[in-house]
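# Understanding the architecture of this molecule
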Amino acid sequence: MIQDLMKTLLSLAFFTITFALKVIAQRECSTFSYQQQQKLQDPLLVEKQKEIETFTRQFIANNVSAARVMHGEVIKIPVVFHVLYHHPSENISDAQVQTQLDVLNRCFRRTNADTIKTPSYFSSVAADCEIEFVLAISDPRRRNTNGIIRKYTPITEWRDDDKVKRSSEMGDDAWDARSYLNIWVCNLHRLAGYATMPGGAIEKDGVVLDFDVLGTGGPSGYNMGKTAVHEVGHWLNLKHLWGDDYCGDDSVNDTPRQAGYNSGCPSGKLITCNNGPNGDMYMNYMDFTDDACTNLFTKDQKTRMRSLFAAGGQRSGLLNSTGLLPPLIFESPLPDQSPKWLHPQLYPNPATTEMKLDLAYDTRWIGKIVTITNLQGQTVMQVPVQSKEQTIFISRLKPGMYILSAKKEDGEFILEKFVKF
């Protein structure tokens with residue numbers, strides 16, 4: 001008994017150390033840790049996800065589905081991309097977005113050329129999921145759209161805390177997630193992406209991706225657009241293959257249990273958790289393997305995903321979305337609202353009577369106080385910021401050099417010298 005316990009503890013320790021080392025070595029999907037945090041914040045989420053799991057298991061056990069989700073009928077999901085950029089390089093092109101749509105559709109329909117790499121011993125369970133993704137042509141008000149929202153943001157880096165999903169935080173609000181798949185694209189801090197599992201708050205529902213893994217041509221290991229495939233898999237209620245535990249359960253019958261995640265591009269058979277003779281299904285999209293080495297969803301993963309669209313299923317509302325119906329209102333797109341520079345501009349400098357402080361790059365400065373001090377450190381003037389281009393009247397100041405300063409709650413500050421004639 002003691003020997004068995006020691007073996008178990010040693011195995012868990014090895015897995016924990018290995019997992020920690022891998023996290024340090026690579027950017028990864030943070031969906032599991034994100035979900036755990038969401039459950040702490042909202043205890044009702046635990047019960048909701050239990051209900052969804054019960055529904056899913058009953059659907060699978062009965063092997064009976066509503067006519068609209070029977071095998072053979074392709075489910076089309078309207079998609080909207082929210083592109084949040086600070087630097088111009090993060091404002092990805094429409095063509096790059098389209099490469100991502102193409103990858104999603106090839107992977108979920110199993111038409112990728114690399115499906116021939118699926119090992120023969122797993123090919124019998126590989127599935128065409130009969131799910132497709134289409135850019136929305138109508139927004140929630142039935143106005144015309146190309147399904148891509150572009151928005152300059154003063155935020156230079158985002159985390160998996162959902163602020164990117166709120167306009168009030170300089171992100172962008174979700175479209176009704178009962179009718180659209182929302183995908184936010186931004187500069188994520190040390191992460192490739194994360195996703196909501198079904199059952200969470202509607203205003204947070206969707207997928208978040210780092211801008212440089214979106215579509216094809218990204219960094220090595222993430223250059224084929226399959227990060228989005230993995231994250232959308234989560235959005236459609238798939239877990240990681242290892243069930244986020246040592247030899248854990250992903251609630252899918254035809255994926256072998258495995259000790260933990262695989263990275264890089266493995267080869268041969270990796271036997272863990274007594275999953276012989278075939279070993280880990282490391283070529284499954286729900287592992288952490290490099291893009292070039294993932295190539296399948298399974299039949300049971302397909303059934304699990306499609307159960308969400310059965311009558312009463314968590315994502316069945318998408319079947320009635322107006323996002324792919326012709327728009328009723330046609331409007332010309334607004335011109336690009338991004339600023340011409342990404343830092344405060346104080347001009348003219350020198351000046352005699354007034355100056356302009358241009359803060360268009362970050363409207364969060366509105367409401368803050370600008371302080372002007374002389375070279376002796378004495379405050380000679382304070383001005384509340386009331387607009388993106390704030391006028392500062394300096395005619396009462398004595399000629400000389402001054403310091404203009406301001407600070408936000410997040411620690412960002414302005415410090416500019418100017419000369420009053």
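Described in the following lines is the structure provided in the data block. (Residues numbered from 1 in each chain as written. Predicted model: local features only at pLDDT ≥ 70, side-chain atom pairs only at ≥ 80, totals over all residues. Heavy atoms only, no water.)

## Some thoughts on the overall build of the protein
- A count of helical and extended segments in the protein gives seven helices and 14 strands.
- For the protein, the spread of C-alpha atoms along the three principal axes comes to 85 × 65 × 40 Å.
- Counting across all 421 residues of the protein, residues that qualify as buried make up 48%.
- For the protein, long-range pairs separated by at least 24 residues make up 67% of all intrachain contacts whose partners lie at least 6 apart in sequence.
- When the accessible surface of the protein is split by element, carbon and sulfur atoms take 55% of a total near 20400 Å².
- Looking at charge distribution, the protein has the averaged site of its 45 positive side-chain charges lying 2 Å from that of its 48 negative ones. (Helix = DSSP H or I, 4+ residues; strand = E, 2+ residues; numbered from the N terminus. Buried < 20%, exposed > 50% of the residue type's maximum accessible area, 1.4 Å probe, protein only. Contact = heavy atoms within 4.5 Å. Areas by Shrake-Rupley, 256 points an atom, 1.4 Å probe, with all protein chains shown as cover. Lys, Arg positive; Asp, Glu negative; His and termini not counted. Charge placed at Lys NZ, Arg CZ, Asp CG, Glu CD.)

## Points about the packing of helix α3 (residues 43-62) against helix α7 (residues 299-307)
- Contact pair α3 / α7: the axes reach a minimum separation of 9 Å and the direction vectors enclose 125°. Here α3 lies oblique to α7, going by the angle between them. The handedness of the crossing between α3 and α7 is right-handed. Residues Glu53, Phe55, Thr56, Phe59 and Ile60 of α3 form the contact with α7, whose participating residues are Thr303, Arg304 and Ser307. (Axes fitted to C-alpha atoms, helices over the stretch in contact; angles between N-to-C directions. Parallel < 35°, antiparallel > 145°, perpendicular 65-115°, else oblique. Left-handed = near helix turned anticlockwise from the far one by under 90°.)

## Points about the packing of aromatic side chains
- With the rule as written, the count across this model stands at eleven aromatic pairs.
- Relative to phenylalanine 288, the ring of tryptophan 242 lies with its centre 5.1 Å away and its plane at 80°, an arrangement referred to as edge-to-face. Of the two residues, tryptophan 242 is situated in the loop between α6 (226-235) and α7 and phenylalanine 288 in the loop between α6 and α7; the sequence distance between them amounts to 46 residues.
- Phenylalanine 288 gets classed as buried once you look at its relative accessible area, which sits at 12%.
- Ring plane angle 20° and centroid distance 5.7 Å describe the contact between tyrosine 402 and phenylalanine 418, whose orientation is recorded as stacked. Within this pair, whereas tyrosine 402 is found in strand β13 (residues 400-407), its partner phenylalanine 418 is found in strand β14 (residues 413-420), the two being separated by 16 residues in sequence. Both residues of the pair, tyrosine 402 and phenylalanine 418, belong to the buried class.
- Directly above the ring of tyrosine 121 sits lysine 269, whose terminal nitrogen or CZ lies 4.6 Å from the centroid.
- The ring of tryptophan 365 carries lysine 408 above its face, with NZ or CZ at 4.5 Å from the centroid. (Phe/Tyr/Trp six-rings, centres within 6.5 Å; stacked < 30°, edge-to-face > 60°. Lys NZ or Arg CZ within 6 Å of the ring centre and 35° of its normal.)

## A short note on the state of the cysteines
- In total, this model carries two disulfides according to the counting rule given.
- Here cysteine 247 pairs with cysteine 273 through a disulfide, and the sulfurs are 1.9 Å apart. When the S-S torsion is -90°, as for the bridge of cysteine 247 with cysteine 273, the disulfide is left-handed. Of this pair, cysteine 247 sits in the loop between α6 and α7 while cysteine 273 sits in the loop between α6 and α7, and the two are 26 residues apart along the sequence.
- What makes cysteine 247 buried here is its relative accessible area of 19%.
- At a sulfur-sulfur separation of 1.3 Å, the disulfide partner of cysteine 265 is cysteine 293. One end of the pair, cysteine 265, is in the loop between α6 and α7; the other, cysteine 293, is in the loop between α6 and α7, with 28 residues separating them in the sequence.
- For cysteine 265, a relative accessible area of 47% puts it in the partly exposed group.
- Assessed through its relative accessible area of 12%, cysteine 293 is described here as buried.
- Numbered in order of appearance, the disulfide-bonded cysteines of the protein are paired 1-3, 2-4.
- Here cysteine 107 is not disulfide-linked; the sulfur of cysteine 129 is the nearest cysteine sulfur, at 9.8 Å. (Disulfide = S-S within 2.5 Å.)

## Re unusual backbone geometry
- Residue proline 277 is reached from glycine 276 by a cis peptide bond, and omega for that bond is 5°.
- The linkage connecting tyrosine 347 with the following residue, proline 348, adopts the cis geometry, with an omega of -15°.
- Looking at the secondary structure, you find proline 348 in the loop between β8 (345-347) and β9 (354-358).
- Although it is not a glycine, arginine 110 adopts a positive phi angle of roughly 55°.
- Following the sequence through the fold, arginine 110 ends up in the loop between α4 (94-108) and α5 (120-123).

## A closer look at the sheet that holds β8
- Ordered in space as β8-β9-β12, the three strands form an open sheet in which the pairing is antiparallel. Strand pairing shows two members of the sheet lacking a second neighbour, β8 and β12 (389-393), which therefore form its edges. When strand polarity is set aside, the average angle formed by the axes of neighbouring strands in this sheet is 20°.
- As judged from the five bridges shared by β9 and β12, these two strands associate in the antiparallel manner. Each residue of the ladder has a partner; that of leucine 357, found in β12, is glutamine 390. (Pairing = 2+ DSSP bridges.)

Remember, this is a structural readout, not a statement about activity or role.
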